[in-house]
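The lines below spell out each chain.
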Amino acid sequence: MSKKELEITLGQIRKAIPQHLFQKNELRFLISVIQAISCTLLLTYIAYNYIPLNWFALPIWIGYAFITGTVATGIWVLGHECSHFAFSDTKWLNDALGFLLHQALLVPYFSLQHSHSVHHAKTNHLTQGEAHTPVIIGSKMGKLYQKMKDILGEECFTFIQIFNIAVLGWPLYFLVGVSGGSARGFTSHLIVPNKLLPKKILHKVAVSNIGICLVIYQLYKWYLATSFAEVMALYIGPYLVVNMWLTIITSLQHNDLNIPHYDETAWTWLKGNLCTIDRNYPLWINALHFETGTTHVLHHLFPELPHHNAREANIYLKQILGDLYYKDTKNFWISLYQTASLVGVEHQGNGVWKFVKT
């Protein structure tokens, strides 16, 4: 962080953004919801009626899963916005809509809402951060990662890491807290209490768990009525792609060679939340994901600002932040490869920790 970081406040940043951009528009938000759901259902309808359910059509089904899962990720993004109360000034409306959107994707809405609030509260804190906290070079896990990279070589290690992020990342975080803050150790989004989910939200976690069970039960009934192949092709395939985008996007938002993390001696809320990064996604991805990958710095500072105003607000944010704004202009796939190749962070002095090439 430059000296300017010490001279700027959240209030000054907020004043630089026109206040009307913070105003919520329920109708405009619902249009985005209708867009994401209708496009997902249209693709599902086309696949159900026109793609034969046999092994010869497997390449087509893989393409369907990727396209539909990419579109359905927009549903996940909008549910996430609801958890930040960016849909409506009426709190229960946010939770009602967010619950429906997330539970349909087997996401425990209230559990994730709480853990995500911890993520925002401790962004880029070395040990207390939540989700995608980095490995420390020289630690037991850091030594293991480095040994793997030395034995396998950079390319093999990197592709394994991309697989871990894209395929294993969400279930491992969701179930046992992998990549969560080391200060909390084992956590789960299904079990209360633990060091992430306090006992006081037991009732909310129970509601989320019941919602997931109901969706799984409906999938089971669908399987009994048709076949596992149909459930796998139409729902599970796209669902896995949604999870892939979720973990890739969030990993890239918080890890980069140029992005610092801070220990307890140096971390502040503003420092941590300024240390997120906007990536260079294709325009069609931005449109389907409602700019979530290209306006993330803004989101961390003002999570209640609605997505439909984020692009305009981001213009003013860049102007006020100057060199404090992190933007990666490289091709998205290059950024993913380079980030996945990193082993961990190393102390640079004064409580600042950064990724280093090894």
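Residues numbered from 1 in each chain as written. Predicted model: local features only at pLDDT ≥ 70, side-chain atom pairs only at ≥ 80, totals over all residues. Heavy atoms only, no water.

The name recorded for the protein in an unreviewed UniProt entry is Fatty acid desaturase domain-containing protein, from Paramecium primaurelia.

1. Looking at the side chain of Thr158
Considering the arrangement of structural elements, one finds Thr158 in helix α8 (residues 154–176). For Thr158, a relative accessible area of 0% puts it in the buried group. Within the structure, the side chain of Thr158 is placed 2.7 Å from the backbone oxygen of Glu154, a separation counted as a polar contact. Beyond its immediate sequence surroundings of up to four residues, Thr158 is in contact with Tyr337, Ala340 and Ser341. (Helix = DSSP H or I, 4+ residues; strand = E, 2+ residues; numbered from the N terminus. Buried < 20%, exposed > 50% of the residue type's maximum accessible area, 1.4 Å probe, protein only. Polar contact = N/O pair within 3.5 Å; in protein donor to acceptor, adjacent residues only side chain to side chain. Contact = heavy atoms within 4.5 Å.)

2. A few points about the nonpolar core
By size, the foremost hydrophobic cluster in this structure holds 38 residues, and its most contacted members are Phe29, Trp76, Leu78, Leu97, Leu106 and Trp170. Looking at this core, the elements with two or more residues in it are α3 (26–50), α4 (58–83), α5 (91–103), α6 (109–121), α8, α9 (202–225) and α10 (228–254). When residues in this core are grouped by element, the largest group, 6 residues, is from α4. Setting aside residues no more than four positions away along its own chain, Leu78 makes contact with Phe29, Ser32, Val33, Ala36, Leu101, Phe290 and His307. If you look at the next biggest cluster of nonpolar residues, it comprises 18 residues, including Leu270, Leu298, Phe302 and Leu324. (Core = buried A, V, L, I, M, F, W, Y, C linked by side-chain atoms within 4.5 Å.)

3. Some points on the UniProt feature "domain: Fatty acid desaturase" (unreviewed entry) in the protein
Mapped onto this structure's residue numbering, the UniProt feature "domain: Fatty acid desaturase" (unreviewed entry) falls at residues 61–324. Between the end C-alpha atoms of residues 61–324 there is a gap of 44 Å, over a span that is 63% helix and 1% strand. (UniProt positions renumbered as here; feature names shortened; annotations may be inferred.)

4. Describing the environment of Gln146
Relative to the elements of secondary structure, Gln146 occurs in helix α7 (residues 140–152). Gln146 sits 198 residues away from Gly344 along the chain, and the two C-alpha atoms are 8.8 Å apart.

5. Regarding the UniProt feature "transmembrane region" (unreviewed entry) in the protein
The positions that UniProt labels "transmembrane region" (unreviewed entry) are, in the present scheme, residues 29–48, 60–80, 157–180, 201–220 and 232–252. The distance from the first to the last C-alpha atom of residues 29–48 is 29 Å, and the span holds 100% helix and 0% strand. Secondary structure across residues 60–80 comprises 100% helix and 0% strand; the distance between its end C-alpha atoms is 30 Å.

6. Some details on the packing of aromatic side chains
One pass over the structure, following the stated rule, counts 15 aromatic pairs. Centre to centre, the rings of Tyr109 and Phe110 are 4.9 Å apart; their planes meet at 75°, and the pair counts as edge-to-face. Measuring from ring centre to ring centre gives 6.0 Å for Tyr235 and Tyr239, while their planes differ by 10°; the resulting arrangement is stacked. Of the two residues, Tyr235 and Tyr239 are both situated in helix α10; the distance of 4 residues between them amounts to about one turn of the helix. Neither residue differs from the other here; Tyr235 and Tyr239 are each classed as buried. Members of the aromatic cluster, joined through ring pairs, are Phe66, Trp245, Tyr281, Phe332 and Trp333. When the ring centre of Phe22 is taken as origin, the NZ or CZ atom of Arg14, which lies over that ring, is 3.9 Å away. (Phe/Tyr/Trp six-rings, centres within 6.5 Å; stacked < 30°, edge-to-face > 60°. Lys NZ or Arg CZ within 6 Å of the ring centre and 35° of its normal.)

7. Some points on the environment of Asp150
Its place among the elements puts Asp150 in helix α7. On a C-alpha basis, the gap between Asp150 and Ile236 in space is 36 Å, while along the polypeptide they are 86 residues apart.

8. What about the pattern of salt bridges?
Taken as a whole, this structure holds 7 salt bridges when the rule is applied. With its nearest N and O atoms 3.0 Å apart, the salt bridge here joins Glu304 to Arg14. Pair noted here: Glu304 is in the loop between α13 (296–301) and α14 (310–321) and Arg14 is in helix α2 (residues 10–15), with a separation of 290 residues, a long-range link. The closest approach of N and O atoms between Asp256 and Arg279, which form a salt bridge, is 3.1 Å. Pair noted here: Asp256 is in the loop between α10 and β1 (261–262) and Arg279 is in the loop between α11 (269–274) and α12 (283–288), with a separation of 23 residues, a long-range link. Relative accessible area serves as the criterion here: at 1%, Arg279 is assigned to the buried category. Bridged by salt links that share partners, the residues Asp256, Arg279, Asp328 and Lys330 form one connected network. (Salt bridge = Lys/Arg side-chain N within 4 Å of Asp/Glu carboxyl O.)

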